[in-house]
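Understanding the architecture of this molecule
Letter by letter, the chains look like this.
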Amino acid sequence: SLPASKPDRDITVDEAVEQFLTEHLQGERGREQITIEDYRGVHTKWFAPEIGTRRLRDIDEATIDRLFGQMRQAGLSSSRMNSARNLYGPLFRWAKRRGIVQRSPMAEFQLPTSLHVEREHRAPEVDQLCCYLAAALAFVPDVAPVLTLGAVTGMRRGELVSIRRS
């Protein structure tokens, strides 16, 4: 059976994603703005150009597989593809509960294996590190002690920014 109202029947993917993000994830679920923006960015870059103007109920499993395949071929990481899955899986469940779609094309979806090759991160040599810290001391003296702490202890960026002055 079709959705009761014509606007629900004919809602485009772009409209559905925006409504899902603002009303459901942000409004009802209280997701952080950064999460909402991440999902919006994934949709805008990888999905909207091909399916954004299509009706949500016309999206099938083959379309979803093809779009995720394009992400895989572009060398995106598993976490980036997982972010897309974390948007579209709940989106189609939400749409099914609202009667917009009869069946979710994400119901039996399996994330493709990523072709992403992690770049090797090399720590700077001692003389390079000394130059960086000296430059930090000259240009941003308030931040230099935090950078020195990170260099000496190996603390990650997230750990350093969570330090409170008190």
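Now for a description of the structure that goes with this document. (Residues numbered from 1 in each chain as written. Predicted model: local features only at pLDDT ≥ 70, side-chain atom pairs only at ≥ 80, totals over all residues. Heavy atoms only, no water.)

1. Thoughts on the packing of aromatic side chains
Defined as follows: Note on aromatic contacts: the rings of Phe and Tyr and the six-membered ring of Trp form a pair at centre separations within 6.5 Å, being stacked when their planes are under 30 degrees apart, edge-to-face when over 60 apart, and tilted otherwise. Under the DSSP-based scheme used, a helix requires at least four consecutive residues in state H or I and a strand at least two consecutive residues in state E, with every element numbered from the N terminus. To sort residues, take the accessible area from a 1.4 Å probe on protein chains only and compare it with the maximum for the residue type: under 20% means buried, over 50% means exposed, and anything in between is partly exposed.
Going through the model one piece at a time under the given rule, you end up with four aromatic pairs. When the ring of phenylalanine 68 is compared with that of phenylalanine 109, the centres are 4.5 Å apart and the planes differ by 45°; the resulting orientation is tilted. Of this pair, phenylalanine 68 sits in helix α4 (residues 61-73) while phenylalanine 109 sits in the loop between α5 (78-97) and α6 (126-139), and the two are 41 residues apart along the sequence. Across the pair, exposure class does not vary: phenylalanine 68 and phenylalanine 109 are buried alike.

2. As for the nonpolar core
Rules: By convention a nonpolar core is built from buried Ala, Val, Leu, Ile, Met, Phe, Trp, Tyr and Cys residues, the set being connected through side-chain atoms within 4.5 Å. Residue contacts are defined here by distance: any two heavy atoms, one from each residue, within 4.5 Å place the two residues in contact.
Counting 32 residues, the largest nonpolar core has Phe47, Leu56, Phe68, Leu91 and Phe92 as its most contacted members. Those elements giving two or more residues to this core turn out to be α2 (13-28), α3 (33-51), α4 and α5. At eight residues, the largest contribution of residues to this core is made by α5. Setting aside its immediate chain neighbours within four residues, phenylalanine 68 contacts Phe47, Met81, Ala84, Arg85, Met106, Phe109, Leu111 and Pro112.

Remember, this is a structural readout, not a statement about activity or role.
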